[in-house]
Amino acid sequence: MWRQKTSLKFHFPVSKLSWKLNSETLLVCAGSSVFGVQASSCQLIFEISHSDFITDVSASRNFFVTSSIDGTACGWDWQGKRIATFRLGICNALSVHGDVAAVGCQGKQIFMIDVPASRILSCTKVDADPVSMTFSRSGDAVLCFFAAETLPKLDFAPATELIVFTYQDGVIQRHNAVSGPKQSRFVSHPCWAVEDTTIVSGSEDSSIFCWTKLGVFIQKLTLHSGPINQVDSTDQGILVSASDDRTVRFWRYGSSECE
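Anyway, here's the lowdown on the structure attached to this text. (Residues numbered from 1 in each chain as written. Predicted model: local features only at pLDDT ≥ 70, side-chain atom pairs only at ≥ 80, totals over all residues. Heavy atoms only, no water.)

**A look at the overall build of the chain**
Then, number 1: On a plain count of helices and strands, the chain comes out with 0 helices and 24 strands.
Then, number 2: In the chain, 42% of the contacts between residues at least 6 apart in sequence involve partners at least 24 apart.
Then, number 3: Summed over all atoms, the accessible surface of the chain reaches about 11,000 Å², with 48% contributed by carbon and sulfur. (Helix = DSSP H or I, 4+ residues; strand = E, 2+ residues; numbered from the N terminus. Contact = heavy atoms within 4.5 Å. Areas by Shrake-Rupley, 256 points an atom, 1.4 Å probe, with all protein chains shown as cover.)

See below:
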């Protein structure tokens, strides 16, 4: 079970989060900006921005990637310098593993891009607009939520289908649907946790839900007072959640209760 460790307060609603690999550096997205934060000291390291609302941020060891409704996905180094720009149309979601990012775009498309090489590896047509993308830690699978219908600009429709795609040699293929982690209303960016055995997702009702990869319910976390925008986890067993209540909460796996 998860127990809160500490929290951070921001002036704007926090929409997305991502950890730097094997690091305590946390990326916090709010509006059109992303802030680099040292989690242990709560110290601001850098700030970068797009020309419009940032929809997602995802990190690897050497760089991180942002996506925006300004029509671009951008790669950045850890000093906040832009290293790549991809003009893909309105980008809803992304996830990074190694040098590769999976980017879900309006128009029912998923792009696989090599960020350091500034190269598009493939474009896959899907049945609906991707709302969120999450690589497994092993890099051989991508967890994707799909919208119930095409998303108007800045109007995030309910995500009603969770699909696992396999990834190999620059191309993704649909593998299986996961039943269980579905809500009748808004569902936030999910994540893999506990060595890729658990799926965690938030909801508009301020709750966080934990499931097995097959959709069996495990636990509900309820300390937030606003809609959950994203959850993310580390290899060290820490789960972090971001909410419209303007807090970031940290949870540790293995406790008998949540406080």
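**What about the side chain of Asp77?**
Then, number 1: As for its position among the elements, Asp77 is in the loop between β8 (72–76) and β9 (82–87).
Then, number 2: It is Lys81 that comes nearest to the buried, bridge-free Asp77 among opposite-charge side chains, at 5.7 Å.
Then, number 3: There is a polar contact of 3.0 Å between the side chain of Asp77 and the backbone nitrogen of Gln79.
Then, number 4: The residues touching Asp77, leaving out its near neighbours within four places in the chain, are Asn62, Phe63, Phe64 and Ile83. (Buried < 20%, exposed > 50% of the residue type's maximum accessible area, 1.4 Å probe, protein only. Lys, Arg positive; Asp, Glu negative; His and termini not counted. Salt bridge = Lys/Arg side-chain N within 4 Å of Asp/Glu carboxyl O. Polar contact = N/O pair within 3.5 Å; in protein donor to acceptor, adjacent residues only side chain to side chain.)

**Side note on the sheet that holds strand β19 (residues 198–202)**
Then, number 1: With antiparallel pairing, the 4 strands of this open sheet are ordered in space as β18-β19-β20-β21. Sheet topology places β18 (191–193) and β21 (217–221) at the edges, where each strand pairs with a single neighbour. Here the average twist between neighbouring strands, direction ignored, is 25°.
Then, number 2: Where strand β20 (residues 208–212) meets β21, 4 bridges bridge the pair, whose relative direction is antiparallel. In the strand pairing of β21, Phe209 is matched with Lys220. (Pairing = 2+ DSSP bridges. Axes fitted to C-alpha atoms, helices over the stretch in contact; angles between N-to-C directions.)

**Focus on the pairing of β20**
Then, number 1: Taken across its 5 residues, β20 has 4 buried, putting it largely inside the fold.
Then, number 2: Taken together, the 5 bridges between β19 and β20 define a ladder with antiparallel strand orientation. Note that in β20 the partner of Gly202 across the bridge is Ile208.
Then, number 3: Where β19 hands over to β20, the hairpin turn is made up of 5 residues, of which Ser206 adopts a positive phi near 80°.

**Thoughts on the pairing of strand β7 (residues 64–68)**
Then, number 1: Summarising burial for β7: 5 of the 5 residues are buried, a large majority.
Then, number 2: By the alternation rule, side chains of β7 split into Phe64, Thr66 and Ser68 and Val65 and Ser67, which are all buried.
Then, number 3: Pairing geometry for strand β6 (residues 54–59) and β7, over 5 bridges, is antiparallel. The residue of β7 that forms the bridge with Ser58 is Val65.

**Looking at the environment of Ser7**
Then, number 1: With respect to the helices, strands and loops of the structure, Ser7 is situated in strand β1 (residues 3–9).
Then, number 2: Each C-alpha atom of the pair Ser7 and Val248 lies 5.3 Å from the other, and the pair is 241 residues apart in sequence.
Then, number 3: Not counting residues up to four positions away in its chain, the partners in contact with Ser7 are Val248 and Phe250.

**What to know about the packing of aromatic side chains**
Then, number 1: Tallying each qualifying case throughout the model produces 7 aromatic pairs.
Then, number 2: Taken together, the aromatic side chains of Phe46, Phe64, Trp76 and Trp78 make up a single cluster linked through ring pairs. (Phe/Tyr/Trp six-rings, centres within 6.5 Å; stacked < 30°, edge-to-face > 60°.)

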